[in-house]
Each structure stands twice: as structure tokens, then as C-alpha cells.
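# Close look at the chain arrangement
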Amino acid sequence: MSDWSLTHSPDGLSLSHCGTDGPQRAVRVDFSQPRLQRRQHHELLSKALGVRSHTPRHVADATAGMGVDAFLLAQAGCHVTLIERSPLIAALLEDGITRAGQTPSIAAIAARMTLKQGDAITLLPMLEQTGQPDMIYLDPMFPSRNKSALPKKAMQSLQALVGDDSDQAELLEVALQSAKFRVVVKRHNKAKAIDGTAPTYSLQGKQIRYDIYALRKLL
């Protein structure tokens, strides 16, 4: 972890890593990127979670990472609780949400995003104290995942910091006990479902799919 450093600049907080090949590209959370308006799986993600524009939902993103999917859900009108276990990644998220809140075009979206730093296995049951999430969204880290669109070496360095989600089966079970309506897990098409409870059904896109665990009918 000593090879990682946080740097403040006018563009926001960034995280950089110096490996054997020299400094890697800095990582920054920036929700104002135009590409976030063109995410092809946006519609599929909303469908998987049962998001409807006329019914605001509380979604807990228990593996927030760089916050892209959480932003898309907030953009769709959801109130999103982001949970991130890495303190360094959480610091980037906090900075990104703060800057988004100061950007008029996306300030209303940022206002629907709440960050909690810690282990989701511990934090998810505690959310019931302030309002049980309607849906819980999981996007576990695994070797073939590319969540942040970083170059391969930079992504490998970031994964070394965060680590694989080896406790994803336990996380799924906690999520199933904590969600009101459903749990949705994002997977690559060729990846197996998480061990344990089988999904109710799946929605498949070109490269990824969503395994849906339906707990009760959506209202």
C-alpha cells in the first residue's frame, strides 16, 4: 500500500501507483465525463433492478468501486447508498461526489448518492436502522473484470490494492437477508453464478449479464 499515494489538485483527488515500470496513470473519480451519459448497459441495469422513473427506489451498491454504476442508478432517479471497503477508493468517491455536487448539470444526481466506507457484510444489516434498501446491487471484483476502464497494468495495480472479493458468497447471503425486493449481481457472461443460492433468472447483454435474486414482487 506504500506504493500508492493520494494527490490533491485543482482537478480533484487522484490516486497513483509507482510500480516496477514507473508511475502508472492516476485514478480519479469524475462523474462529469460524457461517457457516463452513453453507457450501453444503463437500460439493462435499470431493468434488472426494477427501476421505474415514477417510483423512487433506495438501492445499496455494496461494491461501489469507482462509482460508475451507482452514478447511473442515481441518474435514473434512485437514492443510492454506496459502500466501499477500501479507504483509498472511498476517499476518491467522496471527492468525486463532492465535486459533482458543485457541478450544476449533475448536482441533483450527486445529491441522491450517499457514501459509507467499510465492509458491506457488516454495514448492510445496519442500513435497516435508517431505511431498508429496496434493492442491493453487487459487482464483485474478480481477475477478468475491468470496472474502471484503466490500462491493463494500472488495473492490475488497482486490483492488488483492493483485492479479489473472496467473501462474495457470504456477501450475497447477507444481501439476500437485507434487501426488501431483490438482489442483483453483475457478472461477465462466461462467469459462473456466485456459489450458494441460485438466481431466480438472468438478463444478458453483449458482454455482461445480471443475475437477479427476486425476494418478493415489486410494488
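Everything discussed here concerns the structure shown above.
In short, a report on the structure. Because the structure is a prediction, the values reported are computed rather than measured. (Residues numbered from 1 in each chain as written. Predicted model: local features only at pLDDT ≥ 70, side-chain atom pairs only at ≥ 80, totals over all residues. Heavy atoms only, no water.)

## Brief notes about the nonpolar core
One finds F31, L49, L73, L82, L92, M113 and Y210 to be the most contacted residues of the largest nonpolar core, which totals 44 residues. Of all the secondary structure elements, the ones that give two or more residues to this core are α1 (42-49), α2 (68-75), β5 (79-84), α3 (87-101), α4 (107-110), β7 (135-138) and β10 (208-214). Counting residues per element, this core draws most heavily on α3, at seven residues. When residues no more than four places from it in sequence are discounted, the contact partners of L92 are L6, L13, S14, L15, V27, V29 and M66. (Core = buried A, V, L, I, M, F, W, Y, C linked by side-chain atoms within 4.5 Å. Buried < 20%, exposed > 50% of the residue type's maximum accessible area, 1.4 Å probe, protein only. Helix = DSSP H or I, 4+ residues; strand = E, 2+ residues; numbered from the N terminus. Contact = heavy atoms within 4.5 Å.)

## Description of the environment of L115
With respect to the secondary-structure elements, L115 resides in strand β6 (residues 113-117). For L115, a relative accessible area of 26% corresponds to the partly exposed category. As a C-alpha pair, L115 and E84 span 31 residues in sequence and 7.9 Å in three-dimensional space. Residues in contact with L115, not counting those within four places in the same chain, are L82, A90, L93, E94 and I97.

## Some points on the environment of D167
Checked against the element boundaries, D167 lands in the loop between α6 (152-162) and α7 (168-178). Note: C-alpha distance between D167 and P140 (27 residues apart in sequence) is 9.3 Å. In this structure D167 touches R85 and I121, once residues within four positions along its chain are discounted.

## A look at the pairing of β7
Along β7, one buried face is formed by M135 and Y137 and the opposite face, lined by I136 and L138, is buried too. In terms of strand pairing, strand β4 (residues 58-61) meets β7 through three bridges, oriented parallel. Considered in β7, the bridge of A60 is made with I136. In terms of strand pairing, β7 meets strand β8 (residues 182-188) through four bridges, oriented parallel. (Pairing = 2+ DSSP bridges.)

## Some thoughts on α7
Those residues of α7 that fall on the buried side of the exposure criterion are Q168, L171, L172, V174, A175, L176 and S178. Buried positions along α7 lie against α5 (120-126), β7, β8 and β10.

Purely geometric stuff here, so don't read any function into it on its own.
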